[in-house]
Amino acid sequence: MGLHGVKAVFFDLDNTLVDTAAAGRRAIEEPPRPLQVISALQSKHHYEEGEARDICDKVQAKLLKECHDPAKMCITDLRISHWEEAIQETIGGEANRDLAAECYYLWKTTRLQHLTLAEDTRAMLTELRKGLRLLLLTNGDRQTQREKIEACACQPYFDAIVVGGEQKEEKPAPSIFHYCCHLLGVQPAECVMVGDSLDTDIQGGLNAGLKATVWLNKAMTAPVDTSPVPHYIISSVLDLPAVLQKMEHNINAKLGTDHMASSNE
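Cut-off values and rules
- Residues numbered from 1 in each chain as written.
- Predicted model: local features only at pLDDT ≥ 70, side-chain atom pairs only at ≥ 80, totals over all residues.
- Heavy atoms only, no water.
- Helix = DSSP H or I, 4+ residues; strand = E, 2+ residues; numbered from the N terminus.
- Buried < 20%, exposed > 50% of the residue type's maximum accessible area, 1.4 Å probe, protein only.
- Contact = heavy atoms within 4.5 Å.
- Areas by Shrake-Rupley, 256 points an atom, 1.4 Å probe, with all protein chains shown as cover.
- Lys, Arg positive; Asp, Glu negative; His and termini not counted.
- Charge placed at Lys NZ, Arg CZ, Asp CG, Glu CD.
- Core = buried A, V, L, I, M, F, W, Y, C linked by side-chain atoms within 4.5 Å.
- Expected span 1.5 Å × (residues − 1).
- Arc of directions from axis to C-beta.
- Phe/Tyr/Trp six-rings, centres within 6.5 Å; stacked < 30°, edge-to-face > 60°.
- Domains from an automatic or database assignment.
- Salt bridge = Lys/Arg side-chain N within 4 Å of Asp/Glu carboxyl O.
- Polar contact = N/O pair within 3.5 Å; in protein donor to acceptor, adjacent residues only side chain to side chain.

Enquirer: Requested: an account of the overall build of the protein, with residues and values cited.
Expert: Along the protein, the regular secondary structure elements total ten helices and six strands. Expressed along its principal axes, the backbone C-alpha trace of the protein runs to roughly 85 × 35 × 35 Å. Counting every position in the protein, which comprises 265 residues, the buried fraction comes to 45%. Counted over contacts in the protein with a minimum sequence separation of 6, partners at least 24 positions apart contribute 63%. In the form shown here, the protein has an accessible surface area of approximately 13400 Å², with 51% of it arising from carbon and sulfur atoms. If the 27 positive side-chain charges of the protein are averaged to one point and the 38 negative ones to another, these points end up 4 Å apart.

Enquirer: Explain the nonpolar core residue by residue, including any values.
Expert: The biggest cluster of nonpolar side chains holds 34 residues, and the ones touching the most others in it are Val9, Phe11, Leu136, Phe158, Val192 and Leu240. If you tally residues by element for this core, the top one is helix α10 (residues 240-264), at four residues. Those residues in contact with Val9 that sit more than four places away from it in its chain are Leu132, Arg133, Leu134, Leu135, Val192, Val194, Leu240 and Leu244. Residues Val37, Ala40, Leu41 and Trp83 belong to the second largest nonpolar core, which totals 22 residues.

Enquirer: Which residues make up helix α3 (residues 49-64), and what values do they have?
Expert: Taking 1.5 Å per residue, 16 residues should reach 22 Å; α3 reaches 23 Å between its end C-alpha atoms and fits that length. Among all positions in α3, only Ala52, Ile55, Cys56, Val59 and Lys62 are buried. One face of α3 carries all of its buried residues, which in axial projection span an arc of 120°. Within α3, the exposed residues directed more than 90 degrees away from the buried face are Asp57 and Leu64. Contacts made by the buried residues of α3 are with α1 (20-29), α2 (37-43) and α4 (75-91).

Enquirer: A description of the packing of aromatic side chains should follow, citing residues and the corresponding values.
Expert: Two numbers describe a pair of aromatic rings. These are the distance of the centres and the angle of the planes. Counted by the stated rule, this structure contains three aromatic pairs. Centre to centre, the rings of Tyr104 and Trp107 are 6.2 Å apart; their planes meet at 35°, and the pair counts as tilted. One end of the pair is Tyr104 and the other is Trp107, both in helix α5 (residues 97-114) and three residues apart, which spans about a single turn. A residue is classified by how much of its surface remains accessible, and Tyr104, at 3% relative accessible area, is buried.

Enquirer: Can you lay out the domain arrangement of the protein for me, pointing to particular residues and giving the numbers?
Expert: As far as domains go, the protein holds domain 1 (8-19 + 116-262) and domain 2 (20-114). Just the C-alpha atoms count here: the centres of domain 1 and domain 2 sit 31 Å apart. At the interface, eleven residues of domain 1 touch 13 residues of domain 2. At the junction of domain 1 with domain 2, the criterion picks out one salt bridge. The partner of Glu147 in a salt bridge is Lys108, with the nearest N and O atoms 3.0 Å apart. For the pair domain 1 and domain 2, the number of links is nine residue pairs in polar contact (both at pLDDT 80 or more).

Enquirer: Could you give an account of the pattern of salt bridges, naming the residues involved and the relevant values?
Expert: Pairing is possible between side chains that carry opposite charge, provided their charged atoms lie close to one another. A complete count under the given rule lists 18 salt bridges for this structure. Across the pair Glu89 and Lys62 runs a salt bridge whose closest N-O atoms are separated by 3.0 Å. Separated by 27 residues along the polypeptide, Glu89 in helix α4 and Lys62 in helix α3 bring together distant segments of the chain. Take Glu89: its relative accessible area is 47%, and that puts it in the partly exposed class. For the salt bridge of Arg129 with Asp159, the shortest nitrogen-to-oxygen distance reads 3.1 Å. One end of the pair, Arg129, is in the loop between α6 (119-128) and β2 (133-138); the other, Asp159, is in the loop between α7 (142-152) and β3 (160-163), and 30 residues separate them in sequence. By relative accessible area, which is 32% here, Arg129 ends up partly exposed. Here the salt bridges share partners, and the residues they tie into one network are Asp12, Lys171 and Asp201.

Dropping the structure here:
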């Protein structure tokens, strides 16, 4: 691999290499106790279970709609505000910033504990890196993403790591992809982008003129007609090596066809 055309693979982080969504859910409602937010709200602050769950559901909804401008507010203050608003919306009364901060740090600590790079994923990355250059390309706030990267200990598997919050533009802007190419000393037409987001990973790879885009679609749901069209679709990141082998086979076949055509001229 890496001999005929493809020299580098860019990987998204959240919900591609690590299951951030599941880690966030586990931080709210699973052991280890007492690091569980719902448990803490019930046992320590005497909330009803329904109230505690409503607060956590509201926070999850706020996280999904979150728009963060680091020039205006740090991510910690913003996310404490999510908890503060959710508590007030559920319970009423005056805002309780201290309780909100306690819940946020509890959630954050537990989520990071649950954020792991699976052994089979580590093995795949190790094998791929024998013939390809690998780069981690993640959107998001600098502090938050660097904490995740540290927590899942994925640094040794990559030749470079690029965090969108540290750059002028994030995915899907072509500039961040071209910056990644520059870091690795490769051309866009020699790179493959792998990620779970059609809007950022796939559209970004297409915008930047990468050789191929690979969409991780765990649910294997059909994209809407207006979505960007990925070159390949996989249901598990572990399916990537087979896709790369298929790409190499196609490239070799084309080289053979081109050679025959030139010989017949």
